[in-house]
Amino acid sequence: MSKSRPLTGNWRVARRLQAILFIPVLVALGLGGVRVKNSIDTLRDANDAVHVAELVQAANAYASDAINERDVSVIPLLQGNRDAPAVVTARKVTDADAKAFDAAVARAPRTAGLTRRIELVRAGEKQLAAVRADAFTARSSGVQTEESYHAVQHPLMELSNELGFGSNNQASFGRTLYAISLTQAAESLVRSIGTHLLVEDRDTLGAGELQNQLGSFSSYAYLEQVGLQEYAGAGTAGDMTRLRAALADARKKGAQQTAEAAQRAKAAGQAFVTPPALSKMITEIAAGKTTDQLAAEGITPESFFAASALAFDAYRGIEVHLTDTALAGARSVASDARRDAITNGSVALGAVVAAVLLAAWVARSMSRGMRRLSASAIEIAERRLPAVITQLSQAVPGQVDTKVAPIPITTTDEIGEVARAFDHVHREAVRLAAEQALLRGNVNTIFTNLSRRNQSLIERQLALITDLEEREADPEQLANLFKLDHLATRVRRNGENLLVLGGERPTQQWDHPLPLVDVVRAAASEVEQYERIEFTGIPEAEIHGRAVTDLVHLLAELLENATSFSSPRSTVRVTATRLPDTRIMVEIHDQGIGLRPEDFALINHKLANPPTADADVYQYMGLFVVGRLADRHGIRVQLRPAAGESGTTSLVMLPGTVTWRSGESDADTLAFAAVRARATPGLAALLADGPADPFGAHEAWEDGMPAPGPAAPSGTAATAAVPTAAGTPATTAAASGPADTGPAGPAAPSGRPRRAAKRGRRPAKDG
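Scope of this entry: the structure provided in the associated data block. Because the structure is a prediction, the values reported are computed rather than measured.

Rules and cut-offs
- Residues numbered from 1 in each chain as written.
- Predicted model: local features only at pLDDT ≥ 70, side-chain atom pairs only at ≥ 80, totals over all residues.
- Heavy atoms only, no water.
- Helix = DSSP H or I, 4+ residues; strand = E, 2+ residues; numbered from the N terminus.
- Buried < 20%, exposed > 50% of the residue type's maximum accessible area, 1.4 Å probe, protein only.
- Contact = heavy atoms within 4.5 Å.
- Areas by Shrake-Rupley, 256 points an atom, 1.4 Å probe, with all protein chains shown as cover.
- Phe/Tyr/Trp six-rings, centres within 6.5 Å; stacked < 30°, edge-to-face > 60°.
- Pairing = 2+ DSSP bridges.
- Core = buried A, V, L, I, M, F, W, Y, C linked by side-chain atoms within 4.5 Å.
- Axes fitted to C-alpha atoms, helices over the stretch in contact; angles between N-to-C directions.
- Expected span 1.5 Å × (residues − 1).

## Description of the overall build of the protein
1) Next: Secondary structure summary: the protein contains 22 helices and nine strands in total.
2) Next: The buried share of the protein, taken over its 767 residues, is 44%.
3) Next: Nonlocal contacts in the protein, meaning residues at least 24 apart in sequence, comprise 74% of its contacts between residues at least 6 apart.
4) Next: Roughly 38800 Å² of accessible area belongs to the protein as shown, and the carbon and sulfur atoms make up 56% of that amount.

Given below as structure tokens:
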């Protein structure tokens, strides 16, 4: 049972690093997100506190101006002057405060407690118009008017309890502000009712109404003291110091106002009685003294209102200070929360980005090293190592540089270790290839030595057979000697195949050009079934002496292959065509069973790229030898399907470096090519456009699905039958072309066929 592959087995390095960092980054994002969320929540609460502080500030101003409106309206309204400037101005200020309060409400958060308090304020505001209309009239007499403003002022004052965000004790801060607001409201009622008592004609009051007013006056005076005690209990030492300073400043201003009033009375020639302190005034008024008695003590509506207004302003100053402090504190907390939120968010985001960038950098550096390692390994496997092996197979092993260039990775990490391991594998592969090349060289040397020994024996045997042929007169015995001669020739060619396998060149070469028709005849004479071979249209061309021996060997192998894999009753046709660029195309047509397209592709690939000699090569000895010989002289060989129903066409392209032609034969050769062009459109295009790929004119020169080969031209040349083994001479028809035709081998004087002359009998001086 196969072992299951891990989940990350096929992951790339970058993805694995991302997986490693996923959990830490996720935790960092979670913790950072919680911290950022807390900061954002704090910022939201701080912003809400700022809006609440602004709302309380507007509410306190609204409440203060509302009760101040009541206080300044007492005297004008009791005197029946309802459109007095002081009344109109005070009401305008209150209305402006109401609009400012509405704007603050629109910005305030919608908490349950705050919403409930705002609804109470709205309910009191609805009564303000009726309170103003009924103030100090029969519908709202005496204390009722003073206390009716409480419906507006008290809900506004209670909003102070929502303050205190960011302070050390939120409840204590709101309690302090509420206490000073309560003190201010009590002082306002004392001022309003006291002024009312000093101005109103007491004789017009109903029964018990004066006592009711005096009782309310005393009660609110006591409430003021209660408010001060509450402030002292809830406030800090600083709050008390600030209150005492404000009251001292009020007394100082009162003394200054009294001195100024005394000077004005003196200047007017009037008597002036210095009024007592505010607490004394409140005590005397609460005692129920008449206005004359109070005036005799200096307690007049003007002096009492002025003294009470100073206390009212002192309390209001403390209230404004507290609301401003609360607003400034809330704004400071909001600013700090905003800074913390930005800092925490930046730090969290920066940490994540840094982690991602670090992972990307590490992954990129690792991936770069791995890609370089992979590219180097692929280069070694596909280019460098095959190149060294090719050099070792084609040259003397000791003359090939087998040094291995290391992979350009100098790090000492795991990637560097893998690179060094690849270098070691590369060196071992080159070393083994060199050893194999040396072994092949030794085997080739053995082949060469054995072949040369056999060659000398075969040459002696052929010489003996030739001598016997010349002396024999019996046709039957002579035919047997010819068969023996051909068998010996085949054995000699097999020996020469061993020399080709060993990389050896012929020791003897022709020292002068040889006609192409003689080369073809010599090749046919080495084939056992030479009588089946027919020549057609061989041009008058010559082959350089250095290539004659190898070309005869190459054509003999192809002819042997054509006769072996075709019917014994069929013929093998050999044709040739000279091209305008001095190249010659030799075609060998058989009528065998043919090959599959993939077999054609494989064989043509081996012909174009002869493999290294190994065990498989000996199964295709002839094709291997043909490929080696063709590569030696730049000859191109390919196999194609025949134009008929079956069979194979072997195409041999002889380059201009191995052909030789005389100038006087060009016209006849081109005329013959023109005749053949009518049957082969590709060749006609070649003649018209100049040199091109010659196989394109005959066959498709690829290793894929081959195109059918050309049909044999009709009427272009005569055919010559090769003499039979029985010695019957072949019949030759008249040829219309310039080709030289004849039997496969020269005839004996008696008309019997003879073996072709030995190749390489006249060696060239220059090799």
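## Things to note about the packing of aromatic side chains
1) Next: Enumeration over the complete set of coordinates arrives at two aromatic pairs.
2) Next: Between tyrosine 62 and phenylalanine 101, the ring centres sit 5.9 Å apart and the planes meet at 45 degrees, which makes this aromatic pair tilted. Of this pair, tyrosine 62 sits in helix α1 (residues 13-72) while phenylalanine 101 sits in helix α3 (residues 85-107), and the two are 39 residues apart along the sequence. In this pair, the class of tyrosine 62 matches that of phenylalanine 101, namely buried.

## Observations regarding the sheet that holds strand β3 (residues 542-543)
1) Next: Spatially, three strands are ordered β1-β3-β8 in an open sheet, and the strand pairing comes out antiparallel. Each edge of the open sheet carries a strand with a single partner, namely β1 (514-515) and β8 (659-660).
2) Next: Bridge count between β3 and β8: two bridges; the pairing is antiparallel. In the strand pairing of β8, isoleucine 543 is matched with threonine 659.

## Remarks on the nonpolar core
For soluble globular proteins, the rule of thumb is that nonpolar side chains tend to be buried together.
1) Next: If you look at the biggest cluster of nonpolar residues, it comprises 53 residues, and the most contacted ones within it are Phe101 and Phe304.
2) Next: When residues of this core are assigned to their parent elements, the largest contribution, eight residues, is made by helix α8 (residues 170-199).
3) Next: Among the nonpolar cores identified, the runner-up in size contains 45 residues, and Trp510, Ala547, Ile588 and Leu607 belong to it.

## Some remarks on the packing of helix α9 (residues 209-234) against helix α10 (residues 237-268)
1) Next: Running from amino to carboxyl end, α9 crosses α10 at an angle of 140 degrees, the nearest separation of the two axes being 8 Å. Residues Leu228, Tyr231 and Ala232 of α9 lie in contact with α10, whose contacting residues are Asp239, Met240 and Leu243.

## Quick word on helix α17 (residues 545-564)
Think of an α-helix as turning once every 3.6 residues; residues three or four places apart then point the same way.
1) Next: Taking 1.5 Å of rise per residue, the 20 residues of α17 would be expected to cover 28 Å, and the 29 Å separating its terminal C-alpha atoms lies within 8% of that figure.
2) Next: Of all 20 residues in α17, 17 are buried, a share of seventy percent or more.

## Topic: the pairing of strand β4 (residues 572-578)
1) Next: Within β4, six of the seven residues are buried, leaving the element largely enclosed by the surrounding structure.
2) Next: Across six bridges, the pairing between β4 and strand β5 (residues 584-589) is antiparallel. Considered in β5, the bridge of threonine 575 is made with glutamate 587.
3) Next: With antiparallel pairing between neighbouring strands as the criterion, β4 and β5 make up a hairpin whose turn holds five residues, including threonine 582 at a positive phi of roughly 75 degrees.

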